[in-house]
Amino acid sequence: MTARRLLTPANAALAVLVVLLLALPAINSGFFVTFVLTQALIYGLIAVTIVFLTSHGGMISLAQLLFAGIAGFMFGNAALESGARGLNLGWPPWVAVLFALAVTTAVAFLLGALASRTTGIYFLMLTLVYGVIGYTFFAQVVTVSGPGGVTSIVAPEPFTDRVNLYYAAVVLSALAYLAFRAIGRTNFGLALQGVRDDPVRMSSLGFNVPLHRTLAFTLGGFVAGVAGLLNVWWRGQIDPASISIGPTLIVLIIAVIGGISYFEGAWLGALVYVLLDTYTDSIPLIDRIGLTPDRFNTVIGLMVLLIMVLSPEGLVGILERVRRGRGGASPSEHSIELPTTSPTPVQTGSGREP
Amino acid sequence: MRPDTTTGATSGDPVVELRSVVVAFGGLLALGGVDLDVAQGERLAILGPNGAGKTTLFNVVAGDLVPTEGSVVLKGVDCTHLPSRHRPRLGVGRTYQKARSFPGLAVGDNLYLAVVGRHGRQRALLPRSGDHSWRDRAAAAAESVWLYDRLDTRVADLSHGQKRQLEIGMAIVTEPDVLLLDEPASGLSRGERERLTGLLDELAADSTLLLIEHDMDVAFKVARRIVVMSDGKIVASGTPEEIQANALVHEIYLGSEALT
Ligand SMILES: Nc1ncnc2c1ncn2[C@@H]1O[C@H](COP(=O)(O)OP(=O)(O)OP(=O)(O)O)[C@@H](O)[C@H]1O
Ligand SMILES: [Mg+2]
């Protein structure tokens, strides 16, 4: 790839954004950066795996928070020397990191292989079942967690420092974003999109469809595991409730409000969610209209509804339309080169499975 | 190896051998015991009314369907239970009656995937210098199905006819030894049909072609042997001239339609 090809407006914007985010703590290293932004970046890093699996593989996974959780639990069990619960293996923190990621990736591979012959609603249900089983496992197996979870978890140096942890979240998010975008152009990524569009055709072209699905799922699990490590370092503890159905759905909602077919949407959706979650109660007189903190889900639900009505492609979809509407004096290639052979394209010929 | 036009037989080795192939969908016999030998280099057209089992026959050869009974031998290898994904490497390439390309990908990527499917590196995450030649082949195939100026167009934005052209392109780009075309001319204009006939005439002499086609112009121009199917069985087989003269064929398939 030449430097010229790398210098697209999108990449330039990303570079500027990353530099700004990295420079931000110099101005303000308080609550907004180390709480709001770090949390949004971590949620975004989990949600982007949902976006990847959905947009490139046609697999809507409800197991991504589980993989984040597995990494967190494994790290806690391996790194702690003594604690109220868990195995307290007391391994060096970076060994614990490798162990956590290895276990997460292996579990993702196995669960992915098991789900690789299902699609659509069946895949969704199966991953939901994974999530429920994972939750139950950690809630009931007291040797590794139990309902109270694993507490007093300390991040490896230098990430005990909140600003450094924020830096890590920025850098890893940028890397994941670039990697997922690049994968779409590789043989593997193209094949995965082929599997999404028509698995039968992919088989008859010579591709191993279940293996492609399994590997994509494994990759998604690995990245979610990385996010899970950041999460457990940031919170200092992890309990089964944090990977129960409620939070699982929140991660899905984040991916959807951001825009399920845009990688950047994952972080945008996460930011909107965390801002709402954090600041709704400081809106003046909010409790007067009956919105006590336990009803914030209603606000979030209404936001989701509003965004979905405005744009099924989420927030990034809205931004795209605004951008095209304003600067879009030059019509896109496609609108010039309309199909000429038949005036009304026949939809049944698209070959897309229901 | 040119087919012997007088008898319909060919001198090449058999590349497709179907032995008493039965395909049952519940109680329905889509194929009711089909025997068929196709020799290397042969140009075979399969005719038959709707529901005769033509597509089912292709599905069995391409591996999309495992026959209920009987055996499928390709190039001397028993493939009866071999999954479809192993067949491109045996040189089998097919099109589908309803275009089945990848709507979310560009025309060039569709063709490129077909090449990758046949030649490997399917899970590669890093590009390799050889990928360029595969891209070149995809571009060349796009040119031969008149889609060169659409290489970067998403398939979803193609017209119906262009999707049909791409369907053919995805089959020929792998340079298959055994090419199965399921009604390639449907949805094409008259001019495009003529170009299609020309394209099929240019196929390498040793590649084998099985063609399902309702368009007699295309079928009789391209094929040296015609097989007629009805109700899951082969009811007639012979040269285009023999088939045109066959009374049974007229009765079951052509009805009042005259063969031209
Ligand atoms: N997957 C399937 N499940 C059930 N029945 C099927 C299936 N595929 C085909 N059939 C039936 O098998 C019979 C043969 O179908 P096939 O598609 O092979 O016919 P065809 O000769 O290709 O017809 P056409 O000219 O309409 O394409 C038909 O009666 C069809 O309804
Ligand atoms: Mg058919």
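Up top is the structure.
Residues numbered from 1 in each chain as written. Chains lettered and ligands numbered in written order. Predicted model: local features only at pLDDT ≥ 70, side-chain atom pairs only at ≥ 80, totals over all residues. Heavy atoms only, no water.

Visitor: Would you explain the nonpolar core in this entry?
Guide: For soluble globular proteins, nonpolar side chains are generally found buried alongside one another. Ranked by internal contacts, the top residues of the largest apolar core, which has 88 residues, are L45, F52, F67, F75, L229, L230 and W233 of chain A. Here the element with the most residues in this core is helix α3 (residues 31-57) of chain A; it accounts for 15 residues. Beyond its immediate chain neighbours, meaning those up to four positions away, L45 of chain A contacts L172, S173, A176, V223, V226, A227, L230 and W267 of chain A. Within the second largest apolar cluster, 44 residues are counted, among which are V195 of chain A together with V115, A138 and V218 of chain B. (Core = buried A, V, L, I, M, F, W, Y, C linked by side-chain atoms within 4.5 Å. Buried < 20%, exposed > 50% of the residue type's maximum accessible area, 1.4 Å probe, protein only. Helix = DSSP H or I, 4+ residues; strand = E, 2+ residues; numbered from the N terminus. Contact = heavy atoms within 4.5 Å.)

Visitor: Would you take a moment to explain the pattern of salt bridges for this structure?
Guide: Between side chains of opposite charge, a pair can form when the charged atoms approach closely. One pass over the full model with this rule turns up 14 salt bridges over all chains. We note a salt bridge from E320 of chain A to R323 of chain A, for which the minimum N-O separation is 3.2 Å. Linking E320 of chain A with R323 of chain A, this pair stays in helix α14 (residues 314-327), spanning 3 residues, or about one helical turn. You can call R323 of chain A exposed: its relative accessible area is 53%. Among the ionic pairs, R225 of chain B bridges to E42 of chain B, the shortest N-O distance being 2.4 Å. With R225 of chain B in strand β9 (residues 225-230) and E42 of chain B in the loop between β2 (28-39) and β3 (43-47), this residue pair connects regions lying 183 residues apart in the sequence. Judged by its relative accessible area of 2%, E42 of chain B is buried. (Salt bridge = Lys/Arg side-chain N within 4 Å of Asp/Glu carboxyl O.)

Visitor: Help me understand the packing of aromatic side chains, please; the structure alone is not making it clear to me.
Guide: Within a pair of aromatic rings, the relevant descriptors are the distance that separates the centres and the angle that separates the planes. Residue and element names in this part refer to chain A. Counted under the stated rule, the structure contains 16 aromatic pairs over all chains. Both rings, one in F31 and one in F35, keep their centres 4.7 Å apart while their planes meet at 10 degrees; by these two values the pair is stacked. Here the residue F31 and the residue F35 both occupy positions in helix α3, the gap between them amounting to 4 residues, near one helical turn. Relative accessible area serves as the criterion here: at 28%, F35 is assigned to the partly exposed category. Taken together, a centroid distance of 5.1 Å and an interplanar angle of 85 degrees make the contact between F137 and F138 edge-to-face. For F137, a relative accessible area of 39% gives the class partly exposed. These aromatic residues form a ring-pair network of at least three members: F75, W94, F159 and W233. (Phe/Tyr/Trp six-rings, centres within 6.5 Å; stacked < 30°, edge-to-face > 60°.)

Visitor: Sorry if this is basic, but what is going on with the sheet that holds strand β10 (residues 233-238) of chain B here?
Guide: Whenever strands of a sheet pair, they do so through backbone hydrogen bonds, lying parallel or antiparallel. Residue and element names in this part refer to chain B. Strand order in the open sheet formed by 6 strands is β6-β7-β8-β3-β9-β10, and the pairing between neighbours is mixed. Pairing within the sheet leaves two strands with one partner each, and these edge strands are β6 (92-94) and β10. Strand-to-strand twist of the sheet, defined as the mean angle between neighbouring strand axes without regard to direction, takes the value 20 degrees. Two elements, β3 and strand β8 (residues 208-212), share 4 bridges in a ladder whose sense is parallel. Residue pairing for β8: A45 is matched across the bridge by L211. (Pairing = 2+ DSSP bridges. Axes fitted to C-alpha atoms, helices over the stretch in contact; angles between N-to-C directions.)

Visitor: Can you walk me through the pairing of strand β7 (residues 178-182) of chain B in this structure?
Guide: Successive side chains on a regular strand alternate, one facing one side of the sheet and the next facing the other. Residue and element names in this part refer to chain B. With respect to burial, β7 is a largely interior element, 5 of its 5 residues being buried. Pairing geometry for β6 and β7, over 3 bridges, is parallel. By the bridge assignment for β7, R94 is matched with L180. Taken together, the 5 bridges between β7 and β8 define a ladder with parallel strand orientation.

Visitor: Would you mind going over the packing of α3 of chain A against helix α11 (residues 245-258) of chain A with me for this structure?
Guide: All names here are of chain A. Contact geometry for α3 and α11: axes closest at 9 Å, N-to-C directions at 75 degrees. Here α11 runs roughly perpendicular to α3, going by the angle between their axes. In contact with Y43, I46, A47, I50 and V51 of α3, α11 contributes V251, L252, I254 and A255. Class assignment for the residues of the contact of α3 with α11 results in 9 nonpolar, no polar and no charged. (Parallel < 35°, antiparallel > 145°, perpendicular 65-115°, else oblique. Nonpolar A, V, L, I, M, F, W, Y, C, P; charged D, E, K, R; others polar.)

Visitor: Is there a simple way to explain helix α8 (residues 187-197) of chain A in this structure?
Guide: Since the α-helix packs 3.6 residues into each turn, any two residues three or four apart lie on the same face. Across the 11 residues that make up α8 of chain A, a large majority, 10, are buried. Those residues of α8 of chain A not exposed but buried are N187, F188, G189, L190, A191, L192, Q193, G194, V195 and D197 of chain A. Lining the buried residues of α8 of chain A we find α3, α7 (162-183), α9 (199-205) and α10 (209-235) of chain A together with α2 (107-119) and α3 (131-144) of chain B.

Visitor: Sorry, what's going on with the packing of α3 of chain A against α8 of chain A here?
Guide: Residue and element names in this part refer to chain A. Viewed as axis vectors pointing N to C, α3 and α8 meet at an angle of 70 degrees, and their least axial separation amounts to 7 Å. By the angle class used here, α3 and α8 are roughly perpendicular. Facing F52, T54, S55, H56 and G57 of α3, the residues of α8 in contact are L192, Q193 and R196. Considering only residue class, the contact of α3 with α8 consists of 2 nonpolar, 5 polar and 1 charged.

Visitor: Looking at this structure, I do not really get unusual backbone geometry. What am I missing?
Guide: Negative phi is the rule for most residues except glycine; trans is the rule for most peptide bonds. E157 of chain A connects to P158 of chain A through a cis peptide bond whose omega is 5 degrees. Position of P158 of chain A relative to the elements: it lies in the loop between α6 (120-140) and α7. Not every positive phi belongs to a glycine, and S20 of chain B is a case in point at roughly 40 degrees. Mapping S20 of chain B onto the fold places it in strand β1 (residues 14-25). Even without being glycine, D231 of chain B reaches a positive phi, approximately 50 degrees. Counting through the fold element by element, D231 of chain B comes out in the loop between β9 and β10.

Take it as geometry only, folks, not as evidence of what the structure does.
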